[in-house]
Amino acid sequence: MLRTFDLVLIGIMTAAAAVTYTIKHRAELKLEEVHRLEAEIKLEKDTIDLLKADWALQSQPNRLERLVNAYNSELQLQPTDSTSLAHARELPMLKSQVPPPDMTEAKAGAKPGAVAKSQPVPTRAPREAEDADQIETGALE
């Protein structure tokens, strides 16, 4: 009887060792994946820093002025008049902000074969006073 109990304990100990090894192996694989992802993130951050530096070089006013002078005959650039600029409150609203037409009213009063009337589309988004003068330029900070 003692031998059977010893064999059962040896089997349990072997199974526990196998489970422990499997967990350890999975943890090492996850750690390798974390290191790989950290390396990718560092590479992306370095690329972003490099692109920001390149943008700073490309958008230097002295460089742009030289290019304008060199290609002025081809481009025929003119300064923008201040009256040509629009404020944010003067722009129409985005398509995503336009409310969908109410189809229940159109269906309720419609006769068979009749064309439903479309509702007028608002042209301006409600804007707050402090947001009216703020314009997104897409510039990098």
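This one's a predicted model, so the numbers in the text were calculated from it and none came from an experiment.

### Regarding the overall build of the protein chain
- Of the regular secondary structure elements, the protein chain holds 5 helices and 0 strands.
- Secondary structure elements of the protein chain, listed N to C terminal, follow the sequence α-α-α-α-α.
- In the protein chain, buried positions account for 4% of the 141 residues.
- Across the protein chain, contacts joining residues at least 24 apart in sequence account for 72% of those joining residues at least 6 apart.
- In the structure as shown, the protein chain presents an accessible area of about 13,600 Å², 61% of it carried by carbon and sulfur atoms.

### Describing the confidence of the model for the protein chain
- Residue-level pLDDT values for the protein chain average 80, and 73% of them are 70 or greater.
- Ranking the elements of the protein chain by mean pLDDT puts helix α5 (residues 129-132) last with 49 and helix α1 (residues 2-58) first with 96.

### Details of the pattern of salt bridges
- All chains considered together, the criterion is met by 3 salt bridges.
- Among the ionic pairs, Lys-24 bridges to Glu-28, the shortest N-O distance being 3.2 Å. One end of the pair is Lys-24 and the other is Glu-28, both in helix α1 and 4 residues apart, which spans about a single turn.
- Among the residues examined, Lys-24 registers a relative accessible area of 47% and is labelled partly exposed.
- Notably, a salt bridge pairs Arg-36 with Glu-40, separated by 2.7 Å at the nearest N-O pair.

### Some details on unusual backbone geometry
- For Gln-76, which is not glycine, the phi dihedral falls at a positive 50°.
- Inspection of the secondary structure puts Gln-76 in the loop between α3 (72-75) and α4 (103-108).
- Judged by its relative accessible area of 60%, Gln-76 falls in the exposed class.

### Observations concerning a nonpolar patch on the surface
- On the surface, Leu-64, Leu-67, Val-68, Tyr-71, Leu-75 and Leu-77 cluster together to form a nonpolar patch covering roughly 500 Å² of accessible area.
- When residues in the nonpolar patch are grouped by element, the largest group, 3 residues, is from helix α2 (residues 61-70).
- Within the secondary structure, Leu-77 sits in the loop between α3 and α4.

What counts and how
Residues numbered from 1 in each chain as written. Predicted model: local features only at pLDDT ≥ 70, side-chain atom pairs only at ≥ 80, totals over all residues. Heavy atoms only, no water. Helix = DSSP H or I, 4+ residues; strand = E, 2+ residues; numbered from the N terminus. Buried < 20%, exposed > 50% of the residue type's maximum accessible area, 1.4 Å probe, protein only. Contact = heavy atoms within 4.5 Å. Areas by Shrake-Rupley, 256 points an atom, 1.4 Å probe, with all protein chains shown as cover. pLDDT = per-residue confidence, 0-100. Salt bridge = Lys/Arg side-chain N within 4 Å of Asp/Glu carboxyl O. Patch = residues over 30% accessible without salt bridge, like charges linked within 9 Å, V, L, I, M, F, W, Y side chains within 5 Å.

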